[in-house]
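# Summary of structural features
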Amino acid sequence: MGTGGRLVAAAVSRWGDDPWALGSWSLIGRGGTPGDRVALGEPVGGRLRIAGEATHPTRAGMTHGAFEQGIAAGIWAAEAGHRRVAVVGAGMAGLGAARELGRLGVAVEIWEARDRVGGRTAGVDVGGFGFDLGANWLQQYDDNVLARLAEELGLTVTPTDFTDPFVLGPARSGVPKGLESELRARLEAAAPQAAVGDVVGEWLREPGRFEAGAIRDFVDAEIVMDSGAPLSWLSARYGFEPGVGEGDRWIVGGYRLLVEHLAAGVDVRLNRPVTEIRVGERGVTLIGDGHAADFDAVIVTVPLAVLTTIGFAPALPDRHRVAVERLGMGRVEKVVLRFEQRFWPEHAAGYYRVHGPGENEICEWLDASAADGVPTVVGLFAGPWLGELWDGTDAEVAERAAGIFRDAVRG
Ligand SMILES: Cc1cc2nc3c(=O)[nH]c(=O)nc-3n(C[C@H](O)[C@H](O)[C@H](O)COP(=O)(O)OP(=O)(O)OC[C@H]3O[C@@H](n4cnc5c(N)ncnc54)[C@H](O)[C@@H]3O)c2cc1C
């Protein structure tokens, strides 16, 4: 390696250890259905509603889905006649709810656990420019309310073609024709309780016209990478949800350019983690970190994994609790690496894939050099190797990730 591969700046995510996220995005586990998402988002009586990405039946796990659910919950609270509403969490759902309530003339206060807004969109300054350690792309771009907002704000967005990755590292055969449709057919035909791992395991025992290696690679790239969850848990029928590859563009400067706009003028109380929500006949009390306050209603937008850490009185109804049990979260981590010089090949799709040494170990790389001209890649890692790779300081993790990318480029 010449000096070109020297790291000059880096940032590392820690979603799996973050008490206000505890994972990446919500997923449907074996035995679950999209109906569980709908159940979770149903109002609990007249004063409590759970919103957030996990409640969207068709656009879960994405920023615009979260934002849409926040707006829907805001409309619900306003139509119920509430005049003073609390929102828990200042991510896309919370900001969507608060803005809608404000627009409808309802007083609203957001209680946010972190010292920043944006939630799982997480802008970070790396070597003088803004990148994303959380959500990166505006997905389903043509039908995305946040994409329209980005356009209104005049933000620069850059397309990524996920259908045409440059596979770095040891030569691989590519995706054989018909493999994706066969996988989808097998998953759809699976029993309701079956996991992706059951279906793939059965297929690998009798791979038929496909090579086992090609099946494994495809599953790693399309399911492990897009979920970050163990295949033995992920629902066969519903674990492969829409989103990636349906028109993806990343925001130059990062999601925070959108978030700053959405949070402007909203009453957000930072560093205020909610630990308890009491719902009575006359109103709702929010309690957390030495604070308590009364409201007419509350919209809760915390991530699924965090929901179980909040004490609800009375307890959430069975339908909601069952939904929480059937849904779950995966883990995907990111690095932003900035190098002295470019040392990887140009590829029009702007996107690279690297298969790890072990089963279900996978990472993807976005070439983000267009941001400000400095050679930059953003890596997303999923699979069992995360525990080992993410052990240690940020500098150690960044060097390890850079090593994987460099080795893959060398082939
Ligand atoms: C690594 C990664 C990559 C992703 N990539 C994409 C992508 O490219 N495109 C895309 O569309 N989506 C992507 N997503 C998913 C997207 O980020 C989420 O779906 C979306 O941001 C969720 O918004 P939300 O408002 O539902 O939840 P959050 O953004 O998690 O907001 C919830 C808020 O609640 C706060 N909170 C938590 N607990 C408490 C508490 N007890 N009291 C008060 N506040 C609390 C949190 O701090 C947070 O601010 C990605 C996510 C991750 C982690």
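Quick note: structure is the one above.
In this report, we go over the structure that sits alongside the text. (Residues numbered from 1 in each chain as written. Predicted model: local features only at pLDDT ≥ 70, side-chain atom pairs only at ≥ 80, totals over all residues. Heavy atoms only, no water.)

Turning our eyes to something else, we now look at the pairing of strand β22 (residues 376-382). Counted residue by residue, β22 has seven buried out of seven residues, so it is predominantly covered. Neither face of β22 is open: one carries Thr-376, Val-378, Leu-380 and Ala-382, the other Val-377, Gly-379 and Phe-381, and all of them are buried. Sheet analysis places strand β21 (residues 362-367) next to β22, joined by six bridges and oriented antiparallel. If you follow Trp-365 over to β22, its bridge partner there is Gly-379. (Buried < 20%, exposed > 50% of the residue type's maximum accessible area, 1.4 Å probe, protein only. Helix = DSSP H or I, 4+ residues; strand = E, 2+ residues; numbered from the N terminus. Pairing = 2+ DSSP bridges.)

A few words now on the site of the ligand. Surrounding the ligand, one finds 38 residues, the nearest of these being Glu-112, Arg-114, Arg-120, Trp-137 and Val-274. Here Met-92 contributes a backbone N or O atom positioned 3.2 Å from an oxygen atom of the ligand. In the complex, the protein chains occlude 98% of the 1,000 Å² of accessible area that the ligand would expose alone. Going through the elements one at a time, α2 (63-79) and α3 (92-103) are the ones with two or more residues in the shell around the ligand. Split by residue class, the shell around the ligand holds 20 nonpolar, twelve polar and six charged. (Near = heavy atom within 4 Å. Polar contact = N/O pair within 3.5 Å; in protein donor to acceptor, adjacent residues only side chain to side chain. Areas by Shrake-Rupley, 256 points an atom, 1.4 Å probe, with all protein chains shown as cover. Nonpolar A, V, L, I, M, F, W, Y, C, P; charged D, E, K, R; others polar.)

Bringing the nonpolar core into the picture now. Of all hydrophobic cores here, the largest spans 47 residues; its most connected members are Leu-183, Leu-187 and Ile-223. In terms of residue count, the dominant contributor to this core is helix α7 (residues 212-227) (eight residues). Contacts of Leu-187, omitting those with residues within four sequence positions, involve Val-196, Val-199, Ile-223, Ala-236, Arg-237 and Phe-240. (Core = buried A, V, L, I, M, F, W, Y, C linked by side-chain atoms within 4.5 Å. Contact = heavy atoms within 4.5 Å.)

Let us look at the pattern of salt bridges. Close approach of charged atoms allows side chains of opposite charge to pair. The tally for this structure, following the rule as stated, stands at 27 salt bridges. Put simply, Arg-30 and Asp-198 hold a salt bridge, and the shortest N to O gap is 3.1 Å. Here Arg-30 is found in the loop between β2 (26-28) and α1 (34-40), whereas its partner Asp-198 is found in helix α6 (residues 196-205), with 168 residues between them in sequence. A salt bridge links Glu-276 to Arg-278; the shortest N-O distance between them is 2.8 Å. Given a relative accessible area of 26%, Glu-276 falls into the partly exposed group. Via salt bridges that share partners, Arg-84, Glu-109, Asp-267 and Arg-269 belong to a single interconnected network. (Salt bridge = Lys/Arg side-chain N within 4 Å of Asp/Glu carboxyl O.)

These values are about where atoms sit, not about what they do.
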